[in-house]
Structure formats: C-alpha cells, structure tokens
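Okay, here's what each chain looks like letter by letter:
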Amino acid sequence: MSSIMPTYGSPSISFERGEGVYLYSTEGKKYMDFCSGIAVSALGHGHPHLVNAIKDQAEKVLHFSNLYGIPGQERMAQRLVEETFPSTVFFCNSGAEAVECGLKVVRRYHHEKDNPSRNRVITCTNSFHGRTLATISAAKQEKHMAGFSPMLGGFDQVAFGNLNEMRAMISDETAAILIEPVQGEGGINDASEDYLNKLRETADEFDLLLFLDEVQTGMGRTGKLFSYQWTDIKPDVLAVAKGMGGGFPVGACLASEEVSSSMAPGSHGSTFGGNPLAMAAANAVLDVMLGDGFLDHVQEMSVILHKGLLETAKAHPKILGEVRGQGLLTGVECKGSNTDLVKKLEEEGMLTVAAGNNVVRFIPPLIVETSHIEEAIFLLHHACTDLEN
Ligand SMILES: *Cc1c(COP(=O)(O)O)cnc(C)c1O
C-alpha cells in the first residue's frame with residue numbers, strides 16, 4: 001500500500017523527464033503534453049532560460065526569509081505592477097494562498113475604513129479558488145466541502161454570469177466580488193466582457209472591491225498577460241499562481257495601492273513566500289513572456305487550436321459538443337464521459353485534463369507550435385473515432 005495520503009486516486013503513469021511540449025514516461029513512452037501540469041508549465045519542459053535562472057540562483061542562495069530584503073521580489077513586484085495596475089504585491093507559494101491573501105486584504109480594507117461589518121464576499125456557482133478551508137468555503141462546491149464542516153462564514157453565492165442575481169445579493173455587509181474571468185476547474189466558462197464591465201460598475205456603485213482570481217487565466221494563458229486585459233476594466237485585487245513559475249511553486253496577490261495600504265508589518269506573512277529561488281524562476285518566466293512576440297504567439301496558436309477543436313467537434317458530434325475558452329485555455333464539452341476521453345487520449349499518447357460540466361481541457365504549454373497542435377488534433381480525431389466504435 002502506498003504511503004501517500006489517498007487524495008489523488010491511483011495514477012497509472014509517471015514521468016521522468018520533459019522536453020518542450022513532450023513528457024517521457026518512466027516506461028519510455030512519449031506524450032504530447034496538453035495538460036501542462038494543469039496550466040502550470042507555461043514555457044513547456046526544460047526551457048533553457050528558466051532552467052539556467054534556477055540553476056544560477058541555486059548556486060548563490062536558496063532561501064533566507066522575509067526577515068531580510070529579497071531583491072528578486074522587488075524586481076518581480078515592480079514588473080507585475082508596471083504590467084497591471086497601481087498596486088503592491090504579496091508573494092506566496094500557491095493559488096489558494098494567493099486567494100487567501102486577497103480575502104484577508106479585502107476584509108482588512110473595509111475594517112481600516114471603519115466598516116468592519118463589510119466582510120462578506122460574493123462568489124459564483126461553479127467557481128474554484130483552491131482547497132484550503134477559506135477557499136472551499138468561498139467556492140461552495142459540494143464535492144470539495146464534504147466532510148469538512150464547519151465552513152468559514154462570510155461567503156454568498158450567485159449564478160455565474162447573472163448580473164441581476166449579483167446585484168440582488170449585495171448588502172451592507174458585502175465587501176467584495178470574487179470571480180474567475182474564465183472559470184477553469186468549473187468547465188472553461190467565459191465571463192463575457194459586458195458582464196465583467198458591469199461587475200466593475202456595480203462594485204464602484206456599492207463601494208465594493210472587485211477581486212479577480214486569475215490563478216489559471218493569468219500569466220499569458222489567454223493571450224494577454226492577464227485575462228482582464230482583454231477588457232477595459234481593472235480589478236482592485238488579483239490572485240495569480242499556476243504558470244507564474246513555469247513549474248516552480250509560486251503565487252502572488254496584487255492589491256491596489258489604496259487597498260493594500262490597509263496592511264501593515266505583521267498583518268500577513270509566509271515563510272517560503274517569494275524566496276530567492278522562487279523569484280528567480282518567476283522573473284525568468286516573465287522575461288520570456290514579456291519578450292517580443294510571445295503573447296502574439298499565444299494568440300496565433302489559440303486561433304489554430306480553437307479552429308482544430310471546432311472542426312473535430314463537428315466531425316464527431318456523438319462524442320464532442322461545444323468548444324469554449326480564451327487563448328490557450330480551451331475546453332470541449334463531451335457527450336459521453338469526459339474522463340473516458342481523457343483516458344483514450346492518454347492511450348493515444350496525449351495528456352489533457354478533465355474539468356467540470358463534463359469538459360476536457362486542452363491547455364498546452366504556451367510555447368506550443370502549429371505542428372504540435374496539428375498532431376494533437378490528429379490524436380483527438382483518432383480518439384473520437386475509437387470511441388465511436
Ligand atoms: C488552481 C486554481 C486555484 C488553486 O491553486 P493551488 O495552487 O492549487 O492552490 C485557485 N483558483 C483558480 C482559478 C485555480 O485554477
């Protein structure tokens with residue numbers, strides 16, 4: 001029996017190395033990686049700039065704590081702020097921690113404005129914000145809450161995409177609206193630009209904070225550095241993680257200058273958060289993403305991927321349904337079971353990942369090329385044909 005806590009089922013494949021968009025299993029089989037470690041391996045596997053940055057930093061110093069100044073944090077924070085909105089940045093190690101920091105900041109902001117009763121956050125159905133007690137309390141997914149009561153209070157929920165419900169839920173106790181611009185785990189559900197605009201207006205009207213969870217959509221995944229940059233709005237609080245370290249665990253919470261000025265020394269912290277090694281990785285990923293043409297490439301590839309998925313869905317109407325997503329965060333609805341399709345694709349030598357609403361996500365590394373997408377579409381075609389017979 002395995003000594004690993006049984007939270008992940010019993011995986012049948014394991015990998016020993018990766019190169020670009022490919023992973024090689026311990027049994028020597030080559031896989032096309034359209035899972036990217038769940039939208040993490042943004043630069044693919046073994047990207048030389050990232051690998052060298054990690055190696056160089058490892059030789060200098062791994063860690064010395066936030067008791068001391070960490071130059072890589074200053075640099076990373078400044079660059080993130082320049083690319084987003086006037087804010088300050090808290091570094092952490094995961095998406096859930098990034099959201100957790102945002103939830104604390106939101107409460108603290110209203111508290112410091114002498115409004116401590118404004119402490120409730122409105123979230124949306126089918127959302128996902130992580131697996132800590134606060135984040136499962138926020139997302140209110142039955143399957144994630146089962147057995148873990150009592151939940152943390154202070155969260156109200158409305159249907160994703162429904163502005164009337166959102167407005168009706170707002171009370172004197174509401175502090176913020178927390179939403180994913182594209183729901184990832186929930187099944188690749190896009191918030192329309194109009195809905196996001198109206199959420200911004202609504203937040204301003206009622207003096208609420210708009211808190212975007214871009215843990216999955218951020219760091220170039222949608223073809224912009226952040227998904228909200230497809231719109232004209234700006235959030236007050238932003239959570240990011242997954243692709244940020246290209247595989248090194250690192251996350252961040254950005255809060256507008258006004259909001260983050262409610263925090264003070266001692267009000268939040270993390271032992272590992274933003275350590276020198278994490279910052280070397282994050283800065284290296286950002287070097288590549290801010291390089292000439294990187295995000296254009298993501299946009300170009302996404303057009304090709306969407307087109308291929310749409311054509312394949314049309315050719316296999318018994319297996320595939322709607323194609324959704326933004327940039328290289330794409331999903332296809334399944335008519336049968338999504339996990340069957342994921343398994344079948346695995347047999348074909350391609351990794352994908354299931355999502356809610358019976359969706360299979362196709363989320364390749366952002367360095368994917370046309371030839372890889374063509375290969376992936378060919379494999380999907382093949383898998384669908386197999387499932388039809
Ligand atoms: C993955 C994810 C999280 C949680 O990130 P972890 O690193 O697993 O804690 C939070 N929000 C969204 C939108 C995510 O996709």
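The model shown is predicted, which means the values in this text are computed figures rather than measured ones.

## Comments concerning the sheet that holds strand β2 (residues 22–25)
Within a beta sheet, neighbouring strands are joined by backbone hydrogen bonds and run either parallel or antiparallel to one another.
Step number 1: Read from one edge to the other, the open sheet built from four strands follows the order β1-β2-β3-β15, with strand pairing classed as mixed. This sheet does not close on itself; its edge strands, each paired only once, are β1 (15–19) and β15 (350–351).
Step number 2: With four bridges connecting them, β1 and β2 associate as antiparallel partners. Paired with E19 across the strands is Y22, a residue of β2.
Step number 3: Its contacts with the sheet place helix α13 (residues 370–388) against β2, β3 (30–33) and β15, and it is angled at close to 105° to β3.

## Here's the deal with helix α12 (residues 338–347)
Residues spaced three or four apart along an α-helix face the same direction, because each turn holds 3.6 residues.
Step number 1: N338, L341, V342, K344, L345 and E346 are the residues of α12 that are buried.
Step number 2: Just downstream of α12 lies G349, where phi reads positive at about 95°.

## Quick notes on the environment of S2
Step number 1: Topologically, S2 is positioned in the segment before β1.
Step number 2: Relative accessible area serves as the criterion here: at 45%, S2 is assigned to the partly exposed category.
Step number 3: Put simply, S2 and L209 are 207 residues apart on the chain and 45 Å apart in space, counted from C-alpha to C-alpha.
Step number 4: Separated by 3.0 Å, the side chain of S2 and the backbone nitrogen of I4 make a polar contact.

## A short note on the domain arrangement of the protein chain
Step number 1: As assigned here, the protein chain comprises domain 1 (15–33 + 293–388) and domain 2 (49–289).
Step number 2: Taking only C-alpha atoms, the centre of domain 1 and the centre of domain 2 are 27 Å apart.
Step number 3: Counting residues at the interface gives 21 residues for domain 1 and 22 residues for domain 2.
Step number 4: Carbon and sulfur atoms supply 55% of the area that domain 1 and domain 2 bury against each other, a total of about 1700 Å² over both sides.
Step number 5: On the domain 1 side of the contact with domain 2, L295, Q326 and L329 bury the most area, a combined 35% of that side's loss.
Step number 6: The tally of links from domain 1 across to domain 2 stands at one salt bridge.
Step number 7: Between R361 and E185 there is a salt bridge, and its shortest N-O distance comes to 2.8 Å.
Step number 8: Among the secondary structure elements, those contributing two or more residues to the side of domain 1 that touches domain 2 are α11 (294–315), β13 (320–326), β14 (329–334) and β17 (359–362).
Step number 9: Considering every element that reaches the side of domain 1 that touches domain 2, the biggest residue donor is α11, with four residues.
Step number 10: Grouping the amino acids of the side of domain 1 that touches domain 2 by side-chain chemistry returns 11 nonpolar, eight polar and two charged.

## Description of the pattern of salt bridges
Step number 1: Taken as a whole and judged by the stated rule, the model has 16 salt bridges.
Step number 2: The salt bridge involving R120 is made with D156; its shortest N-O contact spans 2.9 Å. Highlighted residues: R120 in strand β5 (residues 120–124) and D156 in strand β6 (residues 155–158), separated in sequence by 36 residues.
Step number 3: In this structure, D204 engages R200 in a salt bridge whose closest nitrogen and oxygen atoms are separated by 2.8 Å. Remark: R200 and D204 occur in helix α8 (residues 193–205); sequence separation between them is four residues, near one turn of the helix.
Step number 4: Overall, the relative accessible area of 12% leaves R200 in the buried class.
Step number 5: Several salt bridges converge on common partners, so that one network encompasses R75, R79 and D287.

Procedures and definitions
Residues numbered from 1 in each chain as written. Predicted model: local features only at pLDDT ≥ 70, side-chain atom pairs only at ≥ 80, totals over all residues. Heavy atoms only, no water. Pairing = 2+ DSSP bridges. Helix = DSSP H or I, 4+ residues; strand = E, 2+ residues; numbered from the N terminus. Contact = heavy atoms within 4.5 Å. Axes fitted to C-alpha atoms, helices over the stretch in contact; angles between N-to-C directions. Buried < 20%, exposed > 50% of the residue type's maximum accessible area, 1.4 Å probe, protein only. Polar contact = N/O pair within 3.5 Å; in protein donor to acceptor, adjacent residues only side chain to side chain. Domains from an automatic or database assignment. Buried area = accessible area lost by both parts, 1.4 Å probe. Salt bridge = Lys/Arg side-chain N within 4 Å of Asp/Glu carboxyl O. Nonpolar A, V, L, I, M, F, W, Y, C, P; charged D, E, K, R; others polar.

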